[in-house]
Amino acid sequence: MLTSSSSIDPAPSEDNGVGLSDSTLSQHRRKMLDLINRLHTTGVQTDMDLPMIAVIGSQSAGKSSLIESISGITLPRSAGTCTRCPTECKLSRSEGAWKCIVKLHITTGPTGQPCDVVNIPFGSAITDKADVEDRIRRAQRAILNPSINPQKFLHELEDQTDEQAELSFSKNCVSLEISGKDVADLSFVDLPGLIASVGSAGKAGDIDLVKGLVTSYIEKPSCVILLTVTCETDFENQGAHHLTKQHDPEGKRTVGVLTKPDRIPTGEESTWLKFLRNEQEPLVNHWYCVKQPGSQTLKDGISWAEARKQENDFFALTQPWSTVEPQYQKFFRTSNLTERLSTILSELIAKRLPEIHKELYNILHKTRDEMRKLGKAPSSDPVGEVWSVVGQFSSQLSRRLEGTPDEDGVLQSIRPHQEEFKRAVRATAPNFIPWEKGDTRKLPVAEFLANEEDEPQEPEVMVPPILIPRSPIPESEEIYIEDVLNHAQRARTRELPDNYPFIVQQTYIKAFTEKWAVPSQLLFDKVCDILKKDLGALVEEHFGKMGRGGTLHSVLMIVNEHLDSAAKQAKERIDWLLELEKAPTTLNVHYYSNYKIKFLGYYKGCRDPGALTTKLQNYRVPSTIHPNPNHGQAFQQAVHKALTGLTEAGLSVQASDLPRLLPVDPMEPALEIMAGVRAYFQVAYKRFADMVPLAIDYEIVRGLHKGIEQALLDGLSLTGPDAHARCQLMVQEPSSVASRRIELQKKLDRLQAASLELRKLFV
């Protein structure tokens, strides 16, 4: 094995030099290398591509000897596969004395799942190179036995074999931080050697496990692959080459290293010289060749300086290496390889640094977005959190029910159905026909109604189908004047000849008020549906992401029960209003009388055989008095003269009032009944069309908010001794969400730590 060279040769400049004994890297580049080392320490390499050098090779390819020659330390050796976990080597030149700090870089838990990235110091700093091998061996045992306290391996369990370990291989790393005056500025990770088969004590899955571990490193675009190939085995039979070819087919980021050139069978040197001349399997960064001490020489305790001298003598004195063209001589010896690796890594870091800044920012932004999508994390005060959400829900519900300017507001959604309800009630007006049966004339438009209603009045009005999709109110049946008179005659008992009982009007009034129940029920149903939908969306918004879903269902049940209670009161209020309308009455005498006069004139005008009423309704004040008027002008001028005379006599009369001067109609009693019923409808329907929406609004819309907060507090049992336990269960996240949150938080911690390190670079 390599021993501490200081014990053999007192000249430190020759004895302790490792690779770049006289580093030419600038201070700025050294800072960048330190930065990458610190970034690797944060574990952010699991989230983004960081520049690094990964040393790979098949089992027994001389990889460990190469690492020793670069780092100047001795690695543990045993029969079979000796490297069972990655080993990070962070070499840095410093003015202080040589030292090596060993740490355990943990990124996965005992089951192989990602965990919080931690760097566990493993013993104090080593100042004697002879102690490094034993410390690394113990650190590897600690890595392979994750259930045991790592500190126990510093002084115990010395006799444990690899087969007795809990794990065959691990992704967790042994981290070596080596510094000294003659140490190169270089960082790399030594990966377990690829194995082709397992022995009797091995596990069948180890082959794929190691291959997967190596692949996870070399598949990243910023990973420089240091491929070790032994010259004592046929090139095509070495799996490391084939794996490298898969992930770097053009050889842009691979540095090839040929080991054990002294074991090439005589006469076959030319095959390997083709690699060194980059004629076979050419690489952008070329192939190198190194010569390390043999196993017997290592056992004899050769120093690092002597090993380098033997290597130099081999290439300088041994054919065909000594006679290779001068331009290829720089690809021999460990020192040339180390110098080239330092340059490659430094240049790669310099090139990647701006991209790392950008990638880190983008990943941070994306991770924070993912965290936000998960919603707020459960609070340490579950009772306060649940109470807060209940309060916020109650406040927003209150604002929605009071009215918001949003297009999809609750009131905006209800209003069209209120308008449809009003039109449906208005469409139940009794359809009185002031003519006898058989008369085919069409009723003229009642202009006095068209001027005051929301929509023009037509003689025949159908109930809008949008309001009543299930059972539309049929068009009011035609009620002829002779039927009204006959009904009145039959209803008389002891009244005087010119009087008729009120039951006649009451019968017709009852006929239309009974139809109001259907549109009232439909308006009620529509409002309930709107509120239920809006309430469900509001509950989903506030409680949808709380806990594991049970809280959402509980709240929905509570608020729907509260809605049902408010709906029951609203329904009772509507039934009460319908019951009131069964007893016709009004104190709005003026309104009723005015409409009765208008309807009486309208019905009388319809019965005018000379169409006098129609002419009077179409009367317009003449703009000019013609001395010789035609027939139409003569009528207009005559009416104008009559109205002028009545006005001069002190009577304020309009043309529409003149039909009342017509002779008494034998159907006059029926006309009076028809006008009275129709006038009362105008009074009653407008009253009812206002009161039902008002009752619904008061009882179920505004009333929905009354007591809902207390209902939630009681229904969810948010008070009392068990409140804390209940609230804790309510806010407890689903295991999938909790796991995802932990995973994202760990990632966020890594990224933020890496971001902090990046900011330090230029401070």
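Quick caveat: nothing in here was measured; it's all calculated off a predicted structure.

### Remarks on the overall build of the protein
Link 1 in the chain: Assigned secondary structure in the protein consists of 25 helices and 11 strands.
Link 2 in the chain: Per-residue burial for the protein yields a buried fraction of 48% across its 763 residues.
Link 3 in the chain: With an accessible surface of roughly 37,700 Å², the protein has 53% of that area assigned to carbon and sulfur atoms.

### Notes on unusual backbone geometry
Link 1 in the chain: With an omega dihedral of 0 degrees, the bond running from Q319 to P320 counts as a cis peptide bond.
Link 2 in the chain: Locating P320 in the fold gives a position in the loop between α9 (304-317) and α10 (326-329).
Link 3 in the chain: The backbone of N278 shows a phi angle near 60 degrees, a positive value even though the residue is not glycine.
Link 4 in the chain: Positive phi is not limited to glycine here, since E281 has a value of about 45 degrees.
Link 5 in the chain: The residue E281 is located in the loop between α7 (269-276) and β9 (287-289) in this model.

### Thoughts on the confidence of the model for the protein
Link 1 in the chain: Per-residue confidence for the protein gives a mean pLDDT of 83, with 88% of residues at or over 70.
Link 2 in the chain: Counting contacts from residues 1-25, a segment whose pLDDT is below 50, to residues more than four positions away or on other chains yields 70 contacts.
Link 3 in the chain: Low pLDDT, under 50, characterises residues 456-473; the stretch is placed with 35 contacts to residues that sit more than four places away or in other chains.

### Some words on the packing of aromatic side chains
Link 1 in the chain: Enumeration over the complete set of coordinates arrives at 25 aromatic pairs.
Link 2 in the chain: Ring geometry for Y288 against F331: centres 5.2 Å apart, planes inclined by 85 degrees, an arrangement best described as edge-to-face. Taken as a pair, Y288 in strand β9 and F331 in the loop between α10 and α11 (334-373) lie far apart in primary sequence, 43 residues in all. Neither residue differs from the other here; Y288 and F331 are each classed as buried.
Link 3 in the chain: Each ring, one from W516 and one from F688, has its centre 4.8 Å from the other, and the planes form 25 degrees; the classification is stacked.

### What about the pairing of strand β4 (residues 114-121)?
Link 1 in the chain: Relative to β4, strand β3 (residues 99-108) is paired through 5 bridges, and the arrangement is antiparallel. If you follow K103 over to β4, its bridge partner there is P121.
Link 2 in the chain: Where β3 folds back on β4, the antiparallel hairpin that results is connected by 5 residues, among which G112 adopts a positive phi of roughly 90 degrees.

### What to know about the side chain of H241
Link 1 in the chain: Mapped onto the fold, H241 is located in helix α6 (residues 239-247).
Link 2 in the chain: In contact with H241, not counting residues within four places along its chain, are L227, F235 and E281.

### Quick notes on the pattern of salt bridges
Link 1 in the chain: Evaluated as defined, the whole model comprises 34 salt bridges.
Link 2 in the chain: Where R137 meets E133, a salt bridge forms, and the shortest distance between an N and an O atom there is 3.3 Å. Placement of both R137 and E133 in helix α4 (residues 132-144) is noted, with a separation of 4 residues, approximately one turn of the helix.
Link 3 in the chain: Take E133: its relative accessible area is 11%, and that puts it in the buried class.
Link 4 in the chain: Each of E232, K260 and R263 takes part in salt bridges that share partners, so that together they form one network.

### Thoughts on the sheet that holds strand β6 (residues 186-190)
Sheets are built from strands paired through backbone hydrogen bonds, the pairs being either parallel or antiparallel.
Link 1 in the chain: Read across the open sheet, the 9 strands follow the order β4-β3-β5-β2-β6-β1-β7-β8-β9; overall the sheet is mixed. Looking along the sheet, the strands with just one partner apiece sit at the ends: β4 and β9. Sheet twist, expressed as the mean angle between neighbouring strand axes with direction ignored, is 20 degrees.
Link 2 in the chain: Pairing of strand β2 (residues 87-93) with β6, which is carried by 5 bridges, proceeds in the antiparallel orientation.

### Brief notes about the side chain of Q292
Link 1 in the chain: As for its position among the elements, Q292 is in the loop between β9 and α8 (295-299).
Link 2 in the chain: You can call Q292 buried: its relative accessible area is 10%.
Link 3 in the chain: In this structure the side chain of Q292 is engaged in a polar contact, spanning 3.2 Å, whose partner is the side chain of T334.

### Some thoughts on the environment of S346
Link 1 in the chain: Relative to the assigned elements, S346 resides in helix α11.
Link 2 in the chain: Here S346 falls in the buried class, since its relative accessible area comes to 4%.
Link 3 in the chain: With 161 residues separating them in the primary sequence, S346 and D185 have C-alpha atoms 9.1 Å apart.

How each quantity is defined
- Residues numbered from 1 in each chain as written.
- Predicted model: local features only at pLDDT ≥ 70, side-chain atom pairs only at ≥ 80, totals over all residues.
- Heavy atoms only, no water.
- Helix = DSSP H or I, 4+ residues; strand = E, 2+ residues; numbered from the N terminus.
- Buried < 20%, exposed > 50% of the residue type's maximum accessible area, 1.4 Å probe, protein only.
- Areas by Shrake-Rupley, 256 points an atom, 1.4 Å probe, with all protein chains shown as cover.
- pLDDT = per-residue confidence, 0-100.
- Contact = heavy atoms within 4.5 Å.
- Phe/Tyr/Trp six-rings, centres within 6.5 Å; stacked < 30°, edge-to-face > 60°.
- Pairing = 2+ DSSP bridges.
- Salt bridge = Lys/Arg side-chain N within 4 Å of Asp/Glu carboxyl O.
- Axes fitted to C-alpha atoms, helices over the stretch in contact; angles between N-to-C directions.
- Polar contact = N/O pair within 3.5 Å; in protein donor to acceptor, adjacent residues only side chain to side chain.

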